[in-house]
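# An overview of the molecular structure
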Amino acid sequence: MQLICPICKSPLTLSNKMYKCEHNHSYDIAKEGYVNLLPVQKKNSKNPGDSKEMIIARRSFLENGHYIPLIDKIIECIDPKENSLLLDAGCGEGYYGGQIADKIKSTTIIGFDISKEAIKKAAKKYKDQSFFIAGVNEIPLTDASIDTYLTIFAPLEAGEINRLLTADGQVIIVSAGPNHMREIAEEIYETFIPHDYNPIHKLKDDFKEISYHNLTFQIDLTTRDDMYALLMMTPYYWSVSKDNRDEILSTFSKTISCDFIIQVFQKLK
Ligand SMILES: C[S@@+](CC[C@H](N)C(=O)[O-])C[C@H]1O[C@@H](n2cnc3c(N)ncnc32)[C@H](O)[C@@H]1O
Ligand SMILES: [Zn+2]
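Sequence order as written defines the numbering, with residues in each chain counted from 1. Here chains are named by letter from A upward and ligands by number from 1 upward, in the order in which they appear as written. In view of the model being predicted, local features appear only for residues whose pLDDT reaches at least 70, and side-chain atom pairs are presented and counted only at 80 or more, with totals across whole chains, interfaces and linings using the full set of residues.

## Some words on the overall build of the protein
Here is the rule we go by: Here a helix means four or more residues in a row that DSSP labels H or I, a strand means two or more in a row labelled E, and each is numbered from the N terminus. Based on C-alpha atoms, the radius of gyration is set beside the globule rule, defined as 2.2 Å times the residue count to the power 0.38. Counting other C-beta atoms within 10 Å of its own, a residue is labelled buried from 20 upward, exposed at 12 or fewer, and partly exposed in the gap between, with every C-beta atom placed from the backbone. Contact definition: two residues whose C-beta atoms, as placed from backbone geometry, lie within 7 Å.
When helices and strands are counted, the protein shows ten helices and eleven strands. Relative to the compact-globule value of 18 Å for 269 residues, the protein shows a C-alpha radius of gyration of 19 Å, a close match. Overall, the protein is about 60 × 40 × 30 Å in size when its C-alpha atoms are taken along their principal axes. Counting every position in the protein, which comprises 269 residues, the buried fraction comes to 36%. For the protein, the proportion of contacts with a sequence separation of at least 24, taken over those separated by at least 6, is 64%.

## Focus: the nonpolar core
To keep things clear, this is the line we draw: Structurally, a nonpolar core is described as a collection of buried Ala, Val, Leu, Ile, Met, Phe, Trp, Tyr and Cys residues joined by way of C-beta atoms within 7 Å.
Judged by nonpolar contacts, the single largest core of 66 residues is most densely connected at Ile-133 and Tyr-149. The contact partners of Ile-133, leaving out residues within four places of it in the chain, are Tyr-34, Asn-36, Leu-37, Leu-38, Phe-112, Asp-113, Ile-114, Lys-116 and Ile-119.

## Section: the environment of Glu-209
The topology assignment puts Glu-209 in strand S10 (residues 207-220). Among the residues examined, Glu-209 registers 16 C-beta atoms within 10 Å and is labelled partly exposed. C-alpha of Glu-209 to C-alpha of Asp-88: the two residues are 121 residues apart in sequence and 19 Å apart in space.

## Regarding the packing of helix H8 (residues 224-233) against helix H10 (residues 242-251)
The condition is simple: Only C-alpha atoms enter the line fits that serve as axes; for helices the fit covers just the stretch in contact. Angles between N-to-C directions range over 0 to 180 degrees. Working definition: roughly parallel below 35 degrees, roughly antiparallel above 145 degrees, roughly perpendicular at 65 to 115 degrees, and oblique for all remaining angles. Left-handed is the label given to a crossing in which the near helix is rotated counterclockwise from the far helix by less than a right angle, and right-handed is the label when the rotation is clockwise. Basically, the charged four are Asp, Glu, Lys and Arg, the nonpolar ten are Ala, Val, Leu, Ile, Met, Phe, Trp, Tyr, Cys and Pro, and anything else, Gly included, counts as polar.
Packing of H8 against H10 brings their axes to within 10 Å, and their N-to-C directions diverge by 130°. Relative to H10, H8 is oriented oblique. In this structure, H8 crosses over H10, and the sense of that crossing is right-handed. When H8 is examined against H10, the residues Arg-224, Met-227, Tyr-228 and Leu-231 are found in contact with a partner set consisting of Arg-245, Ile-248 and Leu-249. Residue composition of the contact of H8 with H10, by class: five nonpolar, no polar and two charged.

## A few points about unusual backbone geometry
Located in the positive-phi region is Ala-144, a residue other than glycine, with phi close to 50°. In this structure, Ala-144 sits in the loop between strand S7 (130-133) and strand S8 (146-152). Notably, Phe-153 is not glycine yet its phi reads approximately 50°, a positive angle.

## Brief notes about the site of ligand 1
Applicable threshold: By definition, a residue lies near a molecule or strand when the C-beta atom built from its backbone is within 6 Å of it.
The immediate surroundings of ligand 1 are formed by 17 residues, with Gly-49, Gly-90, Gly-92, Ile-114 and Ser-115 found nearest. Classifying every residue of the shell around ligand 1 by side-chain character gives nine nonpolar, five polar and three charged.

## Side note on the sheet that holds strand S3 (residues 26-28)
Threshold: The rule for pairing is simple: two strands pair if DSSP sees at least two bridges between them.
Strand order in the open sheet formed by three strands is S1-S2-S3, and the pairing between neighbours is antiparallel. Here the strands that pair on one side only, and so sit at the sheet edges, are strand S1 (13-15) and S3. When the angles between neighbouring strand axes are averaged without regard to direction, this sheet yields 30°. Where strand S2 (residues 18-20) lies against S3, three bridges are found, and the strand directions are antiparallel. When the sheet's bridge partners are listed, Lys-20 is paired in S3 with Ser-26.

Keep in mind these values describe shape, not function.
Quick look at the structure:
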C-alpha cells in the first residue's frame, strides 16, 4: 500500500512515527495506530461522519453476530488472490474488515472512514490492519493499487474507485434491499416506502455489473440493549424525538427483516 499526501499528492514515507511527503507536509501516527489524512482545510464540518454514539451502537449490535450471513455472502464474492489488497471504504468501526481478515488470509485489509471516532475504534481493536481518516471523494492512495474496493452502506465516488482499482479489480457494494428493517420504518412512518437505491446509476459509465445477490433473513432481538443499539445505528433514531424513541422501543418488533443487495462490479475494459 502506498499512501499519498492529501495536499500535494506526492508519496508519503514513514519515519519517526510520522508520514511525510517531499514537500514537508507531515501526518502523525495516532497512539491507536491510525493516520489522519483529512486535513482541516478539506473538512466540511468539525466532526464529519458518524458520531461516537452511532459507532458504539454499531459495534455492540454487529458483535452480537446478527449479520454473519452477510459476512459469509461478502466473502463468497471476494476474489481471494494471493497478496491482494482490499479497501474497506467507509469502514466504520472495522467489524467487516475484521471478520474478512479472519477468513481470507491471502488478503491485506485497509480501512478508512471520514469519522475520527470510527477510525479510532477500528484501529484500537484490529491491530493487524491499517486505518486512515479520509473521505471517499479523495482517497490518499496511489492509482491502480486496490484489488477489491468494498463499501457497505457508505457513500460512493465512482471516479475515485476507477482511479484506485487495478485493471481486473472488483468493486463490492452492499446496500439496503427494499424491505431492510421494514418493521422499524413501519413504527416511525405512516406509510412504508420500500428502499429503492441502485449504485449502478453512479457506476454505469465506468463499470459493468458482474453479479447481483439479494440476501434476506430475519434477526431476533432478545434484549432491550440490542434493540436500542440497532435503532441507534440507523438514521431512524436521529429522526425521532426522545419520547418517540421510548415508545418505539416499547412496541418494537423483536423480529426484524434484513434485506441486503450485494453487487459486484468490474471496470469496463
Ligand atoms: C452506515 S455507516 C456504515 C459503516 C460500516 N461500513 C458498516 O457497515 O458497519 C456509514 C459510514 O460511512 C462514513 N462516511 C460518511 N460519509 C463519508 C465520506 N464522505 N467518506 C468516507 N466515509 C464516510 C460514516 O462515518 C460511517 O462510518
Ligand atoms: Zn505533500
